[in-house]
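# Coordinate analysis (summary)
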Amino acid sequence: MELFLQFISNTGFFLAEYRNFVMIGIGSLFVYLAIAKEYEPLLLLPIGFGVLIGNIPFFKGFGLGIYEQNSVLHYLYFGVTTGVYPSIVFLGLGAMTDFSSLLARPKLMLLGAAAQTGIWATLLSAMALGFTSKEAASIAIIGGADGPTSIFLTAKLAPHLIGPIAIAAYSYMALIPIIQPPIMRLLTSREERLIRMPEPRPVSKKEVMIFPVVGLFLCCFLAPASIPLLGPFFFGNIMKESGVVDRLANTARTAVIDTATIFLGLTVGASTQGDVFLNAKSVGIFLLGAVAFSIATASGVIFAKIMNLFMKEKINPLLGAAGVSAVPGSAREVHLVGLKEDPTNFLLMHAMACNSSGVIGSAVCAGILWSFMM
Amino acid sequence: MSIDAHILKPLDFFADFNQQELEECAAALKPRTVKAGEIIIKRGTPALTFFIILSGTYEVDFEKDRSIVLEKKGEVMGWSTVVHPFHYIGTVKASVEGEVLEISSRDFFELIQGDNALGEKIMKKIDAIASERRTIAAGSQ
């Protein structure tokens, strides 16, 4: 009988508390959305299942939990806390991104830079709300709408916040279709949304091959702390564009990035143990994340409108919303909002230019924040 | 499982694509066998997959009992995966067993991310098809 009671007391049913069930509910919702609605399944399924794994109650000290030394999950989580997975994801991203539309119209790069305003505005807001400067910087980077960059910076500055920040960043990336279109419509008139972009000029093979080298030097000399992200990113891109290592480029943009995404999603999900995750700080992070992301979207659109005051050839201001680095999600939303006004106005290629510059912009911002806060 | 680029070359949709573009498309498209009677697209549901016919006969039913039959190799189905209204406007049922090539909207946007110019080329082709199908669905033909 005593053994039986001991067994019972060691089961998850006995050890569970309400926070486990709340998190299991959230994890189940993510899994449901991924499978039943096919809503961002590549992100939501690993994260959602990770949340389920991380919130099964267990007897502390058995080396089972993600925060317990020597547990399997802890070893897998090492790739998050050291920033290894984000670097690998960036390698794959570089190997799958075409910068030709950006090179065809380099001025669109400014929109990618303008959208980073959300990061700096949120940094100040979070500090004003009582977060430490390192925590504030980690929260602010959510405005870049780049999950791997958010995880990378948080791992360096405020590792205790990785769970909520990663979940917030990925949630807002998944919520792009809900958050961005109303902001785009609110800040633009119908006439502005109807602006047609001219055909981009042809870009030579030589230009796309030189870009990763020039980009690497420009960005990493400006913010050397962005090397762990942008180094692999531009390396991935030169593998793609050079055409001499197609096999490697193909592996980087498929097997390599997929493997990193699996472990990144699963362990980030598992890091949301109810007792660590469900607190007032997490709520604050979610609210500030939404603010950061909204400001980023709005500032890109507003900056495009400001550019139009000085430019002879007008830019469709919707493109500014693609200055956040959620590739290709925000470019797709810009395209869709544009198409709703005029079914023959194709903004996708132009939005991709802003979107890819947003990836670089948020990584540079992360590098600058890291250098400042260390 | 991806397909060989030479499968795409004879299809109208890819007639003006160069070899590199064909290879990129071939890497993204996946073959799928469709059974007789199988419904591959359901009207009103979110458009998540785009199809290209390789063989078979497909009946497309729009609202108000309007319908068309697609059986020509290279014809496309599920164009609203990438253009407005982003949900299927017709139900597609295979009359006989056939084979299609499919690509999800996510893979399609990744294809665009990897080659902007190719993406634009495909988008414009799909837009032309969409206009035609919208007209049929609305009953103007």
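How each quantity is defined
- Residues numbered from 1 in each chain as written.
- Chains lettered and ligands numbered in written order.
- Predicted model: local features only at pLDDT ≥ 70, side-chain atom pairs only at ≥ 80, totals over all residues.
- Heavy atoms only, no water.
- Helix = DSSP H or I, 4+ residues; strand = E, 2+ residues; numbered from the N terminus.
- Rg over C-alpha atoms; globule rule 2.2 N^0.38 Å.
- Buried < 20%, exposed > 50% of the residue type's maximum accessible area, 1.4 Å probe, protein only.
- Contact = heavy atoms within 4.5 Å.
- Lys, Arg positive; Asp, Glu negative; His and termini not counted.
- Charge placed at Lys NZ, Arg CZ, Asp CG, Glu CD.
- pLDDT = per-residue confidence, 0-100.
- Buried area = accessible area lost by both parts, 1.4 Å probe.
- Salt bridge = Lys/Arg side-chain N within 4 Å of Asp/Glu carboxyl O.
- Pairing = 2+ DSSP bridges.
- Axes fitted to C-alpha atoms, helices over the stretch in contact; angles between N-to-C directions.
- 1 Å grid on protein atoms, 1.4 Å probe; cavity = no way out; pocket = protein on both sides within 12 Å on 5 of 7 lines; lining within 4 Å.
- Points joined across faces, edges and corners; volume = space filled by probe spheres on them.
- Nonpolar A, V, L, I, M, F, W, Y, C, P; charged D, E, K, R; others polar.
- Core = buried A, V, L, I, M, F, W, Y, C linked by side-chain atoms within 4.5 Å.

## Some thoughts on the overall build of chain B
Along its length, chain B carries 3 helices and 8 strands. Taken from the N to the C terminus, the helices and strands of chain B come in the order α-β-β-β-β-β-β-β-β-α-α. The C-alpha radius of gyration computed for chain B amounts to 14 Å, which stays within 12% of the reference 14 Å derived for 141 residues, consistent with globular compactness. Dimensions of chain B, computed from C-alpha atoms along their principal axes, come out at roughly 40 × 30 × 25 Å. Counting over 141 residues, chain B shows a buried share of 50%. Restricting the contact set of chain B to residue pairs at least 6 apart, pairs at least 24 apart contribute 73%. Of the charged side chains in chain B, 17 are positive and 22 negative, and the gap between their average positions amounts to 5 Å.

## What about the confidence of the model for chain A?
Mean pLDDT over chain A: 90, with 100% of residues reaching 70 or higher. Put simply, helix H2 (residues 12–15) of chain A is where chain A has its lowest mean pLDDT, 78, and helix H16 (residues 227–242) of chain A is where it has its highest, 96.

## Looking at the interface of chain A and chain B
The interface of chain A with chain B comprises 24 residues on the first partner and 18 residues on the second. Interface area, chain A with chain B, both sides summed: about 2000 Å², of which 63% is carbon and sulfur. Of all residues in chain A, the largest losses of buried area upon contact with chain B belong to Met-96, Phe-346 and Met-349 of chain A, amounting jointly to 28% of the total for that side. For the interface between chain A and chain B, the tally reads 1 salt bridge.

## With respect to the sheet that holds strand E8 (residues 98–104) of chain B
Residue and element names in this part refer to chain B. Taken in spatial order, the 4 strands of this open sheet run E1-E8-E3-E6, and their pairing is antiparallel. Every other strand in the sheet has two partners, leaving strand E1 (30–34) and strand E6 (76–77) as the edge strands with one partner each. In the sheet, strand E3 (residues 49–55) pairs with E8 via 6 bridges, with the strands oriented antiparallel. Across the sheet, residue Thr-49 finds its bridge partner in E8, namely Ser-104. Against the sheet, helix H2 (residues 105–114) engages E1 and E8, with an angle of about 65 degrees to E8.

## Observations concerning empty space enclosed by the protein
All names here are of chain B. According to the stated counting rule, one finds 4 cavities of 30 Å³ or more in the structure shown. In terms of lining, the largest cavity is formed by 14 residues, of which the most central are Val-60, Gly-78, Trp-79, Gly-90 and Val-92. Residue composition of the lining of the largest cavity, grouped by class: 10 nonpolar, 3 polar and 1 charged. Computed from the structure, the second largest cavity encloses a volume of approximately 70 Å³. Looking at the second largest cavity, the residues that line it are Phe-13, Phe-14, Cys-25, Leu-29, Phe-50, Ile-52, Ile-103, Phe-108, Leu-111 and Ile-122. Among the elements of the structure, E3 and H2 are those that each provide at least two residues to the lining of the second largest cavity. Its residues assigned to classes, the lining of the second largest cavity shows 10 nonpolar, no polar and no charged.

## Thoughts on the nonpolar core
If you look at the biggest cluster of nonpolar residues, it comprises 140 residues, and the most contacted ones within it are Leu-230 and Leu-319 of chain A together with Leu-8 and Phe-14 of chain B. Of all the elements, helix H21 (residues 348–373) of chain A adds the most residues to this core, at 15 residues. Once you skip the residues sitting within four places of it in the chain, Leu-8 of chain B turns out to touch Ile-3, Phe-14, Leu-22, Cys-25, Ala-26, Leu-29 and Leu-101 of chain B. Judged by nonpolar contacts, the second largest core, of 18 residues, contains Phe-51, Val-100, Ile-136 and Ala-137 of chain B.

## Quick look at the layout of surface pockets
Residue and element names in this part refer to chain A. There is about 460 Å³ of room inside the second largest pocket. If you go around the second largest pocket, you meet 23 residues; those closest to its centre are Met-109, Phe-211, Leu-218, Cys-219 and Ile-360. Breaking the lining of the second largest pocket down by element, the ones donating at least two residues are helix H7 (100–104), helix H8 (109–114), helix H15 (205–222) and H21. Of all the elements, H15 adds the most residues to the lining of the second largest pocket, at 8 residues.

## A few points about the sheet that holds strand E2 (residues 39–41) of chain B
Residues and elements named next belong to chain B. The sheet built from 4 strands is open, its strands ordered E2-E7-E4-E5 with antiparallel pairing. Of all strands in the sheet, those bounded by a partner on one side alone are E2 and strand E5 (67–70). The sheet shows a mean angle of 25 degrees between the axes of neighbouring strands, taken without regard to direction. Taken together, the 4 bridges between strand E4 (residues 58–61) and E5 define a ladder with antiparallel strand orientation. From the neighbouring strand, Asp-61 faces E5, where its bridge partner is Ser-67.

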